[in-house]
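An overview of the molecular structure
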Amino acid sequence: MARLTNKEYLARREFLQKLWDNEKTQGAFCFLSPNKQQTLHHYFATSKYDWTNEQVLEHRKAMSKNEAFSAGKAFNELCKVLTGEKKREPGVRVYPLMRQEIDIEKLCRALWMIAEQEAKKRTNDSS
């Protein structure tokens, strides 16, 4: 795979950010494995909207060749999804959509709800 120029890298990053920001197209990420989604978000720094191009390119320089290769493969697979080359498998499937970064507040709320449910179960079991 040919190495991306900085201009191509920035264009792909902008494309991924726009794809992510649009609720109608965001679901395309679901057709990639969670690891591939995370690879794209990490390599292209898609959540870093406030970064300058220089900061983004510095981030890219810090990535290994393996990370760049994996992100390139994931990007190509995402393009196949968008062009219809990669088809859905028949039947009912559940596809995860990985956030760009962990939402700590949501994670804490979910854990709190689980803890409350467990406490209720224990209270009911001991009655």
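Whatever comes next refers back to the structure up there.
About the thresholds
- Residues numbered from 1 in each chain as written.
- Predicted model: local features only at pLDDT ≥ 70, side-chain atom pairs only at ≥ 80, totals over all residues.
- Heavy atoms only, no water.
- Helix = DSSP H or I, 4+ residues; strand = E, 2+ residues; numbered from the N terminus.
- Buried < 20%, exposed > 50% of the residue type's maximum accessible area, 1.4 Å probe, protein only.
- Axes fitted to C-alpha atoms, helices over the stretch in contact; angles between N-to-C directions.
- Parallel < 35°, antiparallel > 145°, perpendicular 65-115°, else oblique.
- Contact = heavy atoms within 4.5 Å.
- Nonpolar A, V, L, I, M, F, W, Y, C, P; charged D, E, K, R; others polar.
- Salt bridge = Lys/Arg side-chain N within 4 Å of Asp/Glu carboxyl O.

**Looking at unusual backbone geometry**
Positive phi, normally seen in glycine, also occurs at Ala 45, with a value near 50°. For Ala 45, the location among the structural elements is in the loop between helix H2 (34-43) and helix H3 (53-62). With relative accessibility at 5%, the residue Ala 45 sits in the buried group.

**Re the packing of helix H1 (residues 6-21) against H3**
Between H1 and H3, whose axes approach to 11 Å, the crossing angle comes to 105°. With respect to their mutual orientation, H1 and H3 come out roughly perpendicular. Where H1 abuts H3, its residues Asn 6, Tyr 9, Leu 10 and Arg 13 lie against Asn 53, Val 56, Leu 57, His 59 and Arg 60. Residue composition of the contact of H1 with H3, by class: 4 nonpolar, 3 polar and 2 charged.

**Comments concerning the environment of Leu 4**
Residue position: Leu 4 is located in the segment before H1. Residues Leu 4 and Gly 72 lie 68 residues apart in sequence; the distance between their C-alpha atoms is 9.0 Å.

**Details of the environment of Phe 69**
Turning to its location among the elements, Phe 69 is positioned in helix H4 (residues 65-83). The class of Phe 69 is partly exposed, set by a relative accessible area of 43%. Phe 69 sits 66 residues away from Arg 3 along the chain, and the two C-alpha atoms are 8.9 Å apart.

**Section: the side chain of Glu 77**
Residue placement: Glu 77 occurs in helix H4. Overall, the relative accessible area of 18% leaves Glu 77 in the buried class. Those residues within four positions of Glu 77 in sequence are excluded, and the remaining contacts are Phe 31, Leu 32, Lys 36 and Lys 86.

**Re the pattern of salt bridges**
Considering all chains together, one arrives at 5 salt bridges under this definition. The salt bridge partner of Lys 36 is Glu 77, with a shortest N-O separation of 2.5 Å. Here the residue Lys 36 occupies a position in helix H2, and Glu 77 occupies one in helix H4, the gap between them amounting to 41 residues. Under the relative-accessibility criterion, Lys 36 is labelled partly exposed at 33%. For Glu 105, the salt bridge is made with Arg 109, and the minimal N-O distance between the two is 3.9 Å. Here Arg 109 and Glu 105 lie together in helix H5 (residues 104-126), a separation of 4 residues that amounts to about one turn. When its relative accessible area of 58% is taken as the criterion, Glu 105 is described as exposed. Looking at Arg 109, the relative accessible area reads 46%, which means it is partly exposed.

**Focus: H2**
Along H2, the residues that are buried comprise Gln 37, Leu 40, His 41 and Tyr 43. Ala 45 occupies a position one or two residues after H2 and carries a positive phi of about 50°.

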